[in-house]
Amino acid sequence: MSEEENEERRDWSELPPELLHLIGKKLPDLTDFIRLRAVCSSWSSSDPPQQFPWLLELFQREYSCTLRRRQRFYALSSGETLTIPLKNKKLNMYSFIHGGVYSGYLPFNDSRESTFSFFNPLTRDSFSLPPTRRTIRSPWMVWTGTDPIRTRSIIVVDRNLWIWNEMGEWALYDPRSNQWVENEGYFYQCCYWHDMFFSTRVHEPTQVFDAHSKELLHEIPPPEIESRENWYGKGSISHLLRKSYLVVSSGVILRVIWHHDVYGINKKPIEESVFYIYRLDFERANHKSCWVRIGDIGDQIIFLGEMNGFSMTARPNSGFREGCIYFIDSSTNKPYMYDILAGTVEKVPCPFKRCTWFLPGL
């Protein structure tokens, strides 16, 4: 039998699942994977590989940003702009929670009922969380864990709009008990790792809580650049330090410090931003945890939103470069890339006037 006849008789719908998985891992964007699953019924059951984020278009409404019923997304890997109708009559576009980065679901806040609802624009799946005990008027969503779409471990931080560089109380939704764990106090940048809640404020120690019992477990001194002496002393950098992020990256916690002169007559363009990166050496037993300066992040890519971020391992043809920080300038809601080794900032191509990161999920 000739090779051409063999090709004609081959049934591509009978590819083994492990081979389909390998093919899926080569696809740089979820839009390509959706096309793969549409080929036949046997291919439709294949699981999507880890996806890289899209840019979610935001629309300015007075003092906040919102969405539209026909929402647009931009995929850097393909250069495609996707328009996805948000077909859910219960969604109020004005209750969209703007800020941070989004994983699979778009969050909405019903302040009258003290509840939060979530909508996946790709699958149309939605869910709501039980009411909190108190009204959260200025919520900020911090997705937690390695697979927040399925575990739904969610931290909600109530922003305190009256205190500069501070956040309000935080509440953790625990899917195992279907209840909220609420804590009082003021918290700033946050992340969740191994059932622990990490919170840091500029020039203050990083506090580590048991996320379920609320017990304070550790207080870790800030990096030298953020120490109180450097903050207030001679040559103070207080007007230069824009933000400090906590990011879980490849099993460790990073503290990413964005250094940018943003005030006064010496205000610099965004292209002159500099980022400092510290890795947390975490010692549970002897309480000698500390931040260690690192010069690169290997094959990782860091994505920063307005108040939180996440990390992913680089893949070919994804449209993103390894060892770089992709961040949103909160004053313009425009995306930029910082090359850590080169120390340079570049604009990220985007057709939208305002945007943020959205990690698509099926």
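Right above here is the structure, for reference.
Rules and cut-offs
- Residues numbered from 1 in each chain as written.
- Predicted model: local features only at pLDDT ≥ 70, side-chain atom pairs only at ≥ 80, totals over all residues.
- Heavy atoms only, no water.
- Buried < 20%, exposed > 50% of the residue type's maximum accessible area, 1.4 Å probe, protein only.
- Helix = DSSP H or I, 4+ residues; strand = E, 2+ residues; numbered from the N terminus.
- Pairing = 2+ DSSP bridges.
- Axes fitted to C-alpha atoms, helices over the stretch in contact; angles between N-to-C directions.
- Patch = residues over 30% accessible without salt bridge, like charges linked within 9 Å, V, L, I, M, F, W, Y side chains within 5 Å.
- Areas by Shrake-Rupley, 256 points an atom, 1.4 Å probe, with all protein chains shown as cover.
- Salt bridge = Lys/Arg side-chain N within 4 Å of Asp/Glu carboxyl O.

Draft legend 1. Highlighting the pairing of strand β22 (residues 300-304). The element β22 is largely enclosed, with a buried count of five among its five residues. Alternating residues of β22 divide into Gln300, Ile302 and Leu304 and Ile301 and Phe303, and every residue in both groups is buried. Sheet analysis places β22 next to strand β23 (residues 309-313), joined by five bridges and oriented antiparallel. Bridge pairing in β23 links isoleucine 302 to serine 311. The loop that links β22 with its antiparallel partner β23 comprises four residues.

Draft legend 2. Seen up close, the sheet that holds strand β16 (residues 206-210). With antiparallel pairing, the four strands of this open sheet are ordered in space as β14-β15-β16-β17. A strand with exactly one partner marks an edge of an open sheet, and here the two such strands are β14 (189-193) and β17 (216-220). Along the sheet, successive strands turn relative to each other by an average axial angle of 20 degrees, direction set aside. By the bridge criterion, four bridges tie strand β15 (residues 196-200) to β16 in an arrangement that is antiparallel. Counted as the bridge partner of phenylalanine 197 is phenylalanine 209 from β16.

Draft legend 3. Structural view of a nonpolar patch on the surface. Nonpolar side chains collect at one region of the surface, where Leu19, Leu22 and Ile23 lie side by side and expose about 230 Å² of accessible area between them. With respect to the element layout, isoleucine 23 can be found in helix α2 (residues 17-26).

Draft legend 4. Inspection of the pairing of β16 at higher detail. One ladder, built from four bridges, connects β16 with β17; its direction is antiparallel. Counted as the bridge partner of threonine 206 is isoleucine 220 from β17. The antiparallel hairpin formed by β16 and β17 contains five residues in its connecting segment, where lysine 214 sits at a positive phi of about 70 degrees.

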